[in-house]
Amino acid sequence: MTAINHTSMWETLNLDIPAHDGLLEVLGKFYNDIYLSQEGRLKGMEYLDFVLSEVHGLRIKELQDAKESGKKVIGTFCVFVPEELTLAADAIQVGLCSGADAGTEAAEKIVPRNTCALIKSFVGFKLAKICPYTESCDLVVGETTCDGKKKAYESFAEHVPMYVMEVPQQKNACDRDLWKAEILRFKDELETLTGNKITAERLKEAIKTVNDRRRALQRLNKLRAAVPVPISGRDVLLINQVSFYDDPVRFTTSINTLCDEIESRVQKKQGVAESSVPRLLLSGCPMAVPNWKLPFVIEGSNAVVVGEESCIGTRNTRDLVDESADTVDDMIDAICDRYLKIDCACFTPNTERLENITAMAKDLNVDGVIHYALMFCQPYANEALKVERIMKKEGVPMLSIETDYSMDDLEQLKTRVGAFIEMIGSREN
Ligand code: BJ8
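Quick notes on the rules
Residues numbered from 1 in each chain as written. Predicted model: local features only at pLDDT ≥ 70, side-chain atom pairs only at ≥ 80, totals over all residues. Heavy atoms only, no water. Buried < 20%, exposed > 50% of the residue type's maximum accessible area, 1.4 Å probe, protein only. Helix = DSSP H or I, 4+ residues; strand = E, 2+ residues; numbered from the N terminus. Arc of directions from axis to C-beta. Contact = heavy atoms within 4.5 Å. Pairing = 2+ DSSP bridges. Axes fitted to C-alpha atoms, helices over the stretch in contact; angles between N-to-C directions. Polar contact = N/O pair within 3.5 Å; in protein donor to acceptor, adjacent residues only side chain to side chain. Near = heavy atom within 4 Å. Nonpolar A, V, L, I, M, F, W, Y, C, P; charged D, E, K, R; others polar. Domains from an automatic or database assignment.

Novice: Explanation requested: helix α4 (residues 58–68) in the structure shown.
Specialist: Because an α-helix packs 3.6 residues into every turn, residues spaced three or four apart end up facing the same way. Where α4 is concerned, the buried positions are R59, I60, L63, Q64 and A66. For α4, the buried positions fall inside an angular range of 160° around the axis, keeping them on one side. Buried-residue contacts for α4 involve α1 (7–12), β1 (73–76), β2 (92–95), α8 (132–136) and α13 (248–267).

Structure follows, in C-alpha coordinates:
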(Lines give C-alpha, C1' and ligand atoms only; values in the text may rest on other atoms or scores of the structure.)
Protein backbone atom coordinates (compact mmCIF):
# COMPACT_ATOMS: atom_id res chain seq x y z
CA MET A 1 0.00 0.00 0.00
CA THR A 2 2.84 2.30 0.80
CA ALA A 3 4.21 4.54 -1.98
CA ILE A 4 7.59 5.11 -0.35
CA ASN A 5 9.98 2.16 -0.22
CA HIS A 6 10.50 1.05 3.37
CA THR A 7 11.96 -2.37 2.60
CA SER A 8 15.29 -1.80 4.33
CA MET A 9 13.47 -0.75 7.53
CA TRP A 10 11.30 -3.88 7.38
CA GLU A 11 14.42 -6.00 6.85
CA THR A 12 15.98 -4.44 9.93
CA LEU A 13 12.82 -5.39 11.83
CA ASN A 14 13.34 -8.95 10.64
CA LEU A 15 10.04 -9.17 8.75
CA ASP A 16 9.44 -11.92 6.22
CA ILE A 17 9.54 -9.56 3.23
CA PRO A 18 7.69 -11.69 0.63
CA ALA A 19 4.92 -12.56 3.15
CA HIS A 20 4.70 -8.94 4.26
CA ASP A 21 4.53 -7.71 0.63
CA GLY A 22 1.67 -10.16 0.10
CA LEU A 23 -0.19 -8.79 3.11
CA LEU A 24 0.19 -5.18 1.95
CA GLU A 25 -1.00 -6.09 -1.51
CA VAL A 26 -4.19 -7.68 -0.19
CA LEU A 27 -4.73 -4.78 2.21
CA GLY A 28 -4.34 -2.25 -0.63
CA LYS A 29 -6.87 -4.07 -2.77
CA PHE A 30 -9.37 -4.31 0.09
CA TYR A 31 -8.95 -0.66 0.84
CA ASN A 32 -9.62 0.38 -2.74
CA ASP A 33 -12.74 -1.76 -2.93
CA ILE A 34 -14.16 -0.93 0.49
CA TYR A 35 -13.05 2.65 1.09
CA LEU A 36 -11.90 4.50 -2.01
CA SER A 37 -14.95 3.33 -3.98
CA GLN A 38 -17.30 5.28 -1.67
CA GLU A 39 -18.99 8.31 -3.19
CA GLY A 40 -19.25 11.75 -1.60
CA ARG A 41 -16.56 11.12 0.99
CA LEU A 42 -15.51 13.92 3.31
CA LYS A 43 -12.32 15.80 2.46
CA GLY A 44 -11.05 15.18 6.00
CA MET A 45 -10.91 11.44 5.28
CA GLU A 46 -7.85 12.08 3.10
CA TYR A 47 -5.81 12.22 6.29
CA LEU A 48 -7.07 8.76 7.30
CA ASP A 49 -6.40 7.42 3.78
CA PHE A 50 -2.84 8.70 4.04
CA VAL A 51 -2.29 7.23 7.52
CA LEU A 52 -3.64 3.88 6.37
CA SER A 53 -1.51 3.95 3.22
CA GLU A 54 1.54 4.41 5.47
CA VAL A 55 0.35 2.10 8.25
CA HIS A 56 3.47 -0.06 7.95
CA GLY A 57 5.63 2.76 6.57
CA LEU A 58 5.87 6.27 7.93
CA ARG A 59 4.25 5.49 11.31
CA ILE A 60 6.73 2.64 11.83
CA LYS A 61 9.52 5.02 10.83
CA GLU A 62 8.28 7.44 13.49
CA LEU A 63 8.35 4.65 16.05
CA GLN A 64 11.88 3.67 15.04
CA ASP A 65 13.05 7.29 15.23
CA ALA A 66 11.44 7.63 18.66
CA LYS A 67 13.17 4.44 19.81
CA GLU A 68 16.50 5.78 18.60
CA SER A 69 15.94 8.87 20.72
CA GLY A 70 15.46 6.58 23.74
CA LYS A 71 11.65 6.23 23.85
CA LYS A 72 10.03 2.86 24.48
CA VAL A 73 7.12 1.39 22.51
CA ILE A 74 4.38 -0.49 24.36
CA GLY A 75 2.01 -2.81 22.46
CA THR A 76 -1.46 -3.65 23.79
CA PHE A 77 -4.46 -5.82 22.92
CA CYS A 78 -7.15 -4.34 25.08
CA VAL A 79 -8.67 -0.98 26.02
CA PHE A 80 -8.02 -1.80 29.68
CA VAL A 81 -4.35 -0.82 29.43
CA PRO A 82 -4.22 2.82 30.61
CA GLU A 83 -2.46 4.83 27.91
CA GLU A 84 -2.33 7.79 30.31
CA LEU A 85 0.42 6.04 32.28
CA THR A 86 2.36 5.07 29.15
CA LEU A 87 2.36 8.66 27.88
CA ALA A 88 3.26 10.01 31.33
CA ALA A 89 6.30 7.70 31.27
CA ASP A 90 7.22 9.34 27.93
CA ALA A 91 6.61 6.11 26.02
CA ILE A 92 4.37 5.37 23.02
CA GLN A 93 1.41 2.98 23.15
CA VAL A 94 0.13 1.15 20.06
CA GLY A 95 -2.73 -1.30 19.62
CA LEU A 96 -1.64 -4.72 18.37
CA CYS A 97 -4.83 -6.66 17.95
CA SER A 98 -4.99 -7.56 14.33
CA GLY A 99 -7.93 -8.02 12.03
CA ALA A 100 -6.59 -10.26 9.27
CA ASP A 101 -6.24 -14.00 9.04
CA ALA A 102 -2.72 -13.95 7.58
CA GLY A 103 -0.56 -16.16 9.79
CA THR A 104 -3.42 -18.40 10.96
CA GLU A 105 -1.56 -21.58 10.05
CA ALA A 106 1.44 -20.53 12.14
CA ALA A 107 -0.83 -19.43 15.01
CA GLU A 108 -2.57 -22.80 15.16
CA LYS A 109 0.75 -24.37 16.12
CA ILE A 110 0.60 -22.65 19.52
CA VAL A 111 -3.11 -21.92 20.11
CA PRO A 112 -6.04 -24.31 19.54
CA ARG A 113 -7.94 -24.13 16.26
CA ASN A 114 -11.13 -23.17 18.06
CA THR A 115 -9.66 -19.86 19.23
CA CYS A 116 -11.19 -16.57 18.07
CA ALA A 117 -9.77 -14.93 14.94
CA LEU A 118 -8.50 -11.89 16.84
CA ILE A 119 -6.21 -13.97 19.03
CA LYS A 120 -5.03 -16.15 16.16
CA SER A 121 -4.33 -13.00 14.21
CA PHE A 122 -1.97 -11.38 16.73
CA VAL A 123 -0.21 -14.68 17.36
CA GLY A 124 -0.02 -15.40 13.63
CA PHE A 125 1.29 -11.93 12.77
CA LYS A 126 4.18 -12.48 15.14
CA LEU A 127 5.00 -16.04 14.12
CA ALA A 128 4.73 -15.26 10.40
CA LYS A 129 6.88 -12.12 10.94
CA ILE A 130 4.51 -9.74 9.19
CA CYS A 131 3.74 -7.11 11.83
CA PRO A 132 6.22 -4.22 12.16
CA TYR A 133 4.32 -2.95 15.23
CA THR A 134 4.90 -6.16 17.18
CA GLU A 135 8.54 -6.10 16.13
CA SER A 136 8.88 -2.49 17.33
CA CYS A 137 7.63 -3.22 20.85
CA ASP A 138 9.86 -3.03 23.90
CA LEU A 139 7.02 -4.46 25.96
CA VAL A 140 3.76 -6.18 25.03
CA VAL A 141 1.01 -5.81 27.63
CA GLY A 142 -1.66 -8.47 27.87
CA GLU A 143 -4.55 -8.69 30.30
CA THR A 144 -6.63 -11.36 31.99
CA THR A 145 -9.90 -10.69 30.20
CA CYS A 146 -11.16 -13.73 28.30
CA ASP A 147 -9.69 -17.23 28.71
CA GLY A 148 -8.59 -17.34 25.09
CA LYS A 149 -6.32 -14.32 25.46
CA LYS A 150 -5.09 -15.31 28.90
CA LYS A 151 -3.87 -18.70 27.75
CA ALA A 152 -2.53 -17.42 24.43
CA TYR A 153 -0.31 -14.94 26.31
CA GLU A 154 1.45 -17.84 28.03
CA SER A 155 2.67 -19.14 24.67
CA PHE A 156 3.10 -15.67 23.21
CA ALA A 157 5.49 -14.76 26.04
CA GLU A 158 8.03 -17.13 24.50
CA HIS A 159 8.18 -14.84 21.46
CA VAL A 160 7.81 -11.27 22.79
CA PRO A 161 8.70 -9.36 26.00
CA MET A 162 5.37 -9.85 27.75
CA TYR A 163 3.69 -8.33 30.79
CA VAL A 164 0.16 -9.26 31.90
CA MET A 165 -2.23 -7.04 33.89
CA GLU A 166 -4.88 -8.72 35.96
CA VAL A 167 -8.31 -7.33 35.11
CA PRO A 168 -11.03 -8.25 37.63
CA GLN A 169 -14.17 -10.04 36.44
CA GLN A 170 -16.56 -8.22 38.75
CA LYS A 171 -16.93 -4.64 39.99
CA ASN A 172 -17.18 -4.92 43.78
CA ALA A 173 -15.02 -2.95 46.24
CA CYS A 174 -12.46 -5.76 46.45
CA ASP A 175 -12.25 -5.84 42.64
CA ARG A 176 -11.54 -2.12 42.59
CA ASP A 177 -8.74 -2.67 45.13
CA LEU A 178 -7.27 -5.35 42.92
CA TRP A 179 -7.52 -3.15 39.84
CA LYS A 180 -5.90 -0.19 41.59
CA ALA A 181 -3.03 -2.42 42.71
CA GLU A 182 -2.63 -3.58 39.11
CA ILE A 183 -2.53 -0.01 37.84
CA LEU A 184 0.18 0.81 40.39
CA ARG A 185 2.12 -2.32 39.39
CA PHE A 186 1.89 -1.24 35.72
CA LYS A 187 3.11 2.24 36.70
CA ASP A 188 6.18 0.69 38.39
CA GLU A 189 6.82 -1.50 35.36
CA LEU A 190 6.72 1.50 33.03
CA GLU A 191 8.99 3.55 35.26
CA THR A 192 11.53 0.71 35.37
CA LEU A 193 11.36 0.11 31.63
CA THR A 194 11.66 3.75 30.60
CA GLY A 195 13.76 5.05 33.48
CA ASN A 196 11.27 7.94 33.72
CA LYS A 197 9.37 8.84 36.87
CA ILE A 198 5.65 9.42 36.38
CA THR A 199 5.16 12.82 37.93
CA ALA A 200 1.90 14.61 38.68
CA GLU A 201 2.63 17.15 35.96
CA ARG A 202 3.28 14.48 33.28
CA LEU A 203 0.29 12.41 34.31
CA LYS A 204 -2.07 15.40 34.26
CA GLU A 205 -0.94 16.27 30.75
CA ALA A 206 -1.29 12.65 29.61
CA ILE A 207 -4.82 12.43 31.04
CA LYS A 208 -5.75 15.53 29.07
CA THR A 209 -4.18 14.20 25.86
CA VAL A 210 -6.11 10.92 25.99
CA ASN A 211 -9.32 12.67 27.08
CA ASP A 212 -8.98 15.13 24.18
CA ARG A 213 -8.85 12.21 21.78
CA ARG A 214 -11.94 10.71 23.44
CA ARG A 215 -13.71 14.09 23.25
CA ALA A 216 -12.99 14.38 19.51
CA LEU A 217 -14.40 10.88 18.94
CA GLN A 218 -17.42 11.63 21.13
CA ARG A 219 -18.05 14.73 19.04
CA LEU A 220 -17.83 12.64 15.86
CA ASN A 221 -20.23 10.04 17.24
CA LYS A 222 -22.81 12.66 18.29
CA LEU A 223 -22.83 14.11 14.79
CA ARG A 224 -23.95 10.74 13.47
CA ALA A 225 -27.32 11.20 15.13
CA ALA A 226 -28.21 13.54 12.24
CA VAL A 227 -30.63 12.43 9.56
CA PRO A 228 -29.37 11.95 6.89
CA VAL A 229 -26.19 10.56 8.43
CA PRO A 230 -23.19 12.65 7.32
CA ILE A 231 -20.45 9.98 7.37
CA SER A 232 -20.39 6.28 6.59
CA GLY A 233 -19.94 3.63 9.27
CA ARG A 234 -16.97 2.26 7.35
CA ASP A 235 -15.20 5.60 7.63
CA VAL A 236 -15.89 5.91 11.36
CA LEU A 237 -14.66 2.36 11.95
CA LEU A 238 -11.44 3.28 10.16
CA ILE A 239 -11.10 6.41 12.32
CA ASN A 240 -11.51 4.32 15.48
CA GLN A 241 -8.98 1.78 14.22
CA VAL A 242 -6.42 4.45 13.39
CA SER A 243 -6.89 5.99 16.87
CA PHE A 244 -5.02 2.98 18.30
CA TYR A 245 -1.73 3.62 16.58
CA ASP A 246 -1.57 7.21 15.34
CA ASP A 247 0.10 9.95 17.36
CA PRO A 248 -2.70 11.02 19.76
CA VAL A 249 -2.28 14.81 19.45
CA ARG A 250 -2.04 14.79 15.65
CA PHE A 251 -4.98 12.39 15.42
CA THR A 252 -7.18 14.54 17.66
CA THR A 253 -6.48 17.67 15.60
CA SER A 254 -7.38 15.83 12.38
CA ILE A 255 -10.62 14.44 13.80
CA ASN A 256 -11.70 17.84 15.08
CA THR A 257 -11.07 19.32 11.61
CA LEU A 258 -13.11 16.46 10.13
CA CYS A 259 -15.91 17.20 12.63
CA ASP A 260 -15.96 20.87 11.52
CA GLU A 261 -16.54 19.64 7.97
CA ILE A 262 -19.24 17.22 9.15
CA GLU A 263 -21.01 19.97 11.08
CA SER A 264 -21.31 22.02 7.94
CA ARG A 265 -22.67 18.95 6.11
CA VAL A 266 -25.25 18.44 8.84
CA GLN A 267 -26.35 22.08 8.59
CA LYS A 268 -26.86 21.66 4.86
CA LYS A 269 -28.68 18.36 5.49
CA GLN A 270 -26.20 16.50 3.31
CA GLY A 271 -25.68 12.81 3.97
CA VAL A 272 -23.88 9.74 2.70
CA ALA A 273 -27.23 8.00 2.22
CA GLU A 274 -30.85 9.02 1.71
CA SER A 275 -32.87 9.76 4.87
CA SER A 276 -35.01 6.72 4.08
CA VAL A 277 -32.08 4.29 4.29
CA PRO A 278 -32.19 2.10 7.46
CA ARG A 279 -29.80 3.15 10.23
CA LEU A 280 -28.07 0.33 12.07
CA LEU A 281 -26.06 -0.03 15.24
CA LEU A 282 -23.18 -2.52 15.25
CA SER A 283 -22.60 -4.07 18.64
CA GLY A 284 -20.15 -6.62 19.99
CA CYS A 285 -16.53 -7.70 19.49
CA PRO A 286 -13.85 -5.24 18.42
CA MET A 287 -13.09 -4.94 14.69
CA ALA A 288 -9.35 -4.41 14.33
CA VAL A 289 -7.63 -3.25 11.11
CA PRO A 290 -8.29 -4.50 8.42
CA ASN A 291 -11.50 -6.18 9.55
CA TRP A 292 -14.00 -4.20 7.47
CA LYS A 293 -16.05 -7.15 6.21
CA LEU A 294 -19.35 -6.71 8.03
CA PRO A 295 -19.69 -2.89 7.69
CA PHE A 296 -18.90 -3.31 3.99
CA VAL A 297 -21.63 -5.93 3.63
CA ILE A 298 -24.14 -3.77 5.56
CA GLU A 299 -23.41 -0.58 3.68
CA GLY A 300 -23.43 -2.45 0.38
CA SER A 301 -26.96 -3.64 1.20
CA ASN A 302 -28.66 -0.25 1.29
CA ALA A 303 -28.25 0.48 5.00
CA VAL A 304 -25.88 2.67 6.96
CA VAL A 305 -24.01 2.04 10.20
CA VAL A 306 -24.48 4.95 12.62
CA GLY A 307 -22.77 3.57 15.74
CA GLU A 308 -20.26 0.97 16.92
CA GLU A 309 -20.90 -0.38 20.41
CA SER A 310 -17.49 -1.99 20.66
CA CYS A 311 -13.97 -1.42 21.95
CA ILE A 312 -13.03 -0.09 18.54
CA GLY A 313 -15.93 2.30 18.97
CA THR A 314 -17.79 3.89 21.84
CA ARG A 315 -16.66 1.46 24.57
CA ASN A 316 -13.25 3.08 24.26
CA THR A 317 -14.45 6.67 24.16
CA ARG A 318 -17.61 6.88 26.26
CA ASP A 319 -16.01 7.75 29.60
CA LEU A 320 -13.39 10.36 30.40
CA VAL A 321 -10.88 10.33 33.25
CA ASP A 322 -11.80 13.00 35.81
CA GLU A 323 -9.33 15.86 35.20
CA SER A 324 -9.75 17.63 38.54
CA ALA A 325 -7.13 15.68 40.53
CA ASP A 326 -3.69 17.18 41.18
CA THR A 327 -1.66 14.50 42.95
CA VAL A 328 -0.43 11.26 41.37
CA ASP A 329 -2.42 9.25 43.94
CA ASP A 330 -5.68 11.03 43.16
CA MET A 331 -5.07 10.76 39.42
CA ILE A 332 -4.46 7.01 39.77
CA ASP A 333 -7.83 6.78 41.53
CA ALA A 334 -9.48 8.71 38.71
CA ILE A 335 -7.88 6.41 36.11
CA CYS A 336 -8.91 3.35 38.11
CA ASP A 337 -12.56 4.50 38.26
CA ARG A 338 -12.74 5.41 34.60
CA TYR A 339 -11.38 2.08 33.39
CA LEU A 340 -13.64 0.08 35.68
CA LYS A 341 -16.62 1.54 33.84
CA ILE A 342 -15.67 -0.42 30.70
CA ASP A 343 -18.56 -2.77 29.95
CA CYS A 344 -16.60 -5.66 28.45
CA ALA A 345 -18.50 -8.95 28.15
CA CYS A 346 -15.74 -10.56 30.26
CA PHE A 347 -17.43 -9.05 33.35
CA THR A 348 -20.18 -10.74 35.29
CA PRO A 349 -22.76 -9.37 35.66
CA ASN A 350 -22.48 -6.84 32.84
CA THR A 351 -25.83 -5.06 32.87
CA GLU A 352 -24.20 -1.68 32.04
CA ARG A 353 -23.60 -2.94 28.51
CA LEU A 354 -27.29 -3.62 27.97
CA GLU A 355 -28.13 -0.15 29.30
CA ASN A 356 -25.51 1.42 27.04
CA ILE A 357 -26.75 -0.38 23.92
CA THR A 358 -30.33 0.66 24.68
CA ALA A 359 -29.25 4.29 25.13
CA MET A 360 -27.21 4.27 21.92
CA ALA A 361 -30.09 2.79 19.94
CA LYS A 362 -32.28 5.68 21.11
CA ASP A 363 -29.72 8.48 20.80
CA LEU A 364 -28.66 7.47 17.32
CA ASN A 365 -32.19 6.90 16.16
CA VAL A 366 -31.49 3.38 14.88
CA ASP A 367 -33.83 1.05 13.04
CA GLY A 368 -32.01 -2.13 13.97
CA VAL A 369 -29.02 -3.67 15.74
CA ILE A 370 -26.54 -6.11 14.25
CA HIS A 371 -24.76 -8.00 17.00
CA TYR A 372 -21.34 -9.20 15.93
CA ALA A 373 -19.43 -11.95 17.72
CA LEU A 374 -16.24 -13.52 16.52
CA MET A 375 -16.55 -17.27 16.21
CA PHE A 376 -15.41 -19.02 19.43
CA CYS A 377 -15.84 -15.84 21.50
CA GLN A 378 -17.84 -17.12 24.46
CA PRO A 379 -18.32 -13.78 26.29
CA TYR A 380 -19.90 -11.92 23.36
CA ALA A 381 -21.80 -14.90 21.93
CA ASN A 382 -23.33 -15.33 25.37
CA GLU A 383 -24.29 -11.69 25.69
CA ALA A 384 -25.79 -11.67 22.18
CA LEU A 385 -28.78 -13.55 23.65
CA LYS A 386 -29.23 -10.94 26.38
CA VAL A 387 -28.93 -8.08 23.90
CA GLU A 388 -31.53 -9.75 21.70
CA ARG A 389 -33.96 -10.02 24.63
CA ILE A 390 -33.59 -6.39 25.61
CA MET A 391 -33.86 -5.17 22.02
CA LYS A 392 -37.04 -7.18 21.60
CA LYS A 393 -38.44 -5.43 24.65
CA GLU A 394 -37.46 -2.07 23.16
CA GLY A 395 -39.04 -2.98 19.83
CA VAL A 396 -35.71 -2.77 17.97
CA PRO A 397 -35.08 -5.59 15.46
CA MET A 398 -31.77 -7.41 15.93
CA LEU A 399 -29.68 -9.77 13.83
CA SER A 400 -26.99 -11.87 15.50
CA ILE A 401 -23.92 -12.65 13.41
CA GLU A 402 -21.03 -14.96 14.25
CA THR A 403 -18.15 -14.82 11.82
CA ASP A 404 -14.37 -14.69 11.49
CA TYR A 405 -11.85 -12.96 9.23
CA SER A 406 -12.14 -15.26 6.24
CA MET A 407 -14.19 -14.35 3.17
CA ASP A 408 -15.73 -17.83 2.98
CA ASP A 409 -19.05 -16.68 4.41
CA LEU A 410 -19.27 -13.42 2.45
CA GLU A 411 -22.18 -14.52 0.27
CA GLN A 412 -24.02 -16.02 3.23
CA LEU A 413 -23.54 -12.77 5.17
CA LYS A 414 -24.84 -10.73 2.26
CA THR A 415 -27.97 -12.88 2.13
CA ARG A 416 -28.66 -12.70 5.89
CA VAL A 417 -27.90 -9.00 6.22
CA GLY A 418 -29.87 -8.22 3.03
CA ALA A 419 -32.91 -10.10 4.34
CA PHE A 420 -32.69 -8.29 7.70
CA ILE A 421 -32.51 -4.88 6.03
CA GLU A 422 -35.39 -5.76 3.75
CA MET A 423 -37.43 -6.82 6.77
CA ILE A 424 -36.76 -3.42 8.42
CA GLY A 425 -37.88 -1.63 5.23
CA SER A 426 -37.48 2.06 4.40
CA ARG A 427 -37.45 4.66 7.15
CA GLU A 428 -40.25 7.14 7.42
CA ASN A 429 -38.92 10.62 8.09
S1 BJ8 B 1 -12.27 -4.75 26.89
S2 BJ8 B 1 -13.77 -6.65 24.32
S3 BJ8 B 1 -10.52 -5.25 23.95
S4 BJ8 B 1 -11.11 -7.99 26.19
S5 BJ8 B 1 -13.17 -11.59 20.63
S6 BJ8 B 1 -10.12 -11.99 22.39
S7 BJ8 B 1 -13.20 -11.39 24.19
S8 BJ8 B 1 -12.60 -14.49 22.55
S9 BJ8 B 1 -11.34 -8.67 22.47
FE10 BJ8 B 1 -11.63 -7.25 24.16
FE11 BJ8 B 1 -10.52 -5.84 26.10
FE12 BJ8 B 1 -12.97 -6.81 26.40
FE13 BJ8 B 1 -12.53 -4.83 24.74
FE14 BJ8 B 1 -11.58 -12.93 23.80
FE15 BJ8 B 1 -13.84 -12.63 22.48
FE16 BJ8 B 1 -11.61 -13.07 21.16
FE17 BJ8 B 1 -11.99 -10.77 22.42
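Novice: Where do I start with the sheet that holds strand β5 (residues 279–284) in this structure?
Specialist: Strand order in the open sheet made by the four strands is β6-β5-β7-β8, with parallel pairing throughout. Each edge of the open sheet carries a strand with a single partner, namely β6 (304–309) and β8 (398–403). For this sheet, the mean angle separating the axes of adjacent strands, direction not counted, is 25°. Pairing of β5 with strand β7 (residues 368–374) involves five bridges; the strand directions are parallel. Residue L280 lies in a different strand from β7, and its bridge partner there is G368. The sheet contacts of helix α16 (residues 351–363) involve β5, β6 and β7, and relative to β5 the element is tilted by about 165°.

Novice: Help me understand helix α12 (residues 233–242), please; the structure alone is not making it clear to me.
Specialist: Burial of α12 is extensive: 10 of the 10 residues sit out of reach of the surface. Listed in full, the buried residues belonging to α12 are G233, R234, D235, V236, L237, L238, I239, N240, Q241 and V242.

Novice: It is not clear to me how the environment of H371 should be interpreted in this structure. Could you clarify?
Specialist: As for its placement among the helices and strands, H371 is situated in strand β7. Relative accessible area serves as the criterion here: at 0%, H371 is assigned to the buried category. Each C-alpha atom, one on H371 and one on G142, is 26 Å from the other, the two residues being 229 residues apart in sequence. Filtering out sequence-adjacent residues up to four positions away, H371 remains in contact with S283, G284, R353, Y380, A384, V387, M398, L399, S400 and I401.

Novice: Sorry, what's going on with the side chain of Q93 here?
Specialist: Positionally, Q93 belongs in strand β2. For Q93, a relative accessible area of 9% corresponds to the buried category. A distance of 3.2 Å separates a polar side-chain atom of Q93 from the backbone oxygen of V81. The residues contacting Q93, other than those within four sequence positions of it, are I74, T76, V81, P82, E83, T86 and F244.

Novice: Hey, could you run me through the site of the ligand in this one?
Specialist: The environment of the ligand is formed by 16 residues, the closest being C116, C146, C311, C344 and C377. Of the residues that constitute the shell around the ligand, the class distribution is 14 nonpolar, one polar and one charged. Looking at which domains feed residues into the shell around the ligand, each of domain 1 (7–201) and domain 2 (205–320 + 344–428) gives three or more.

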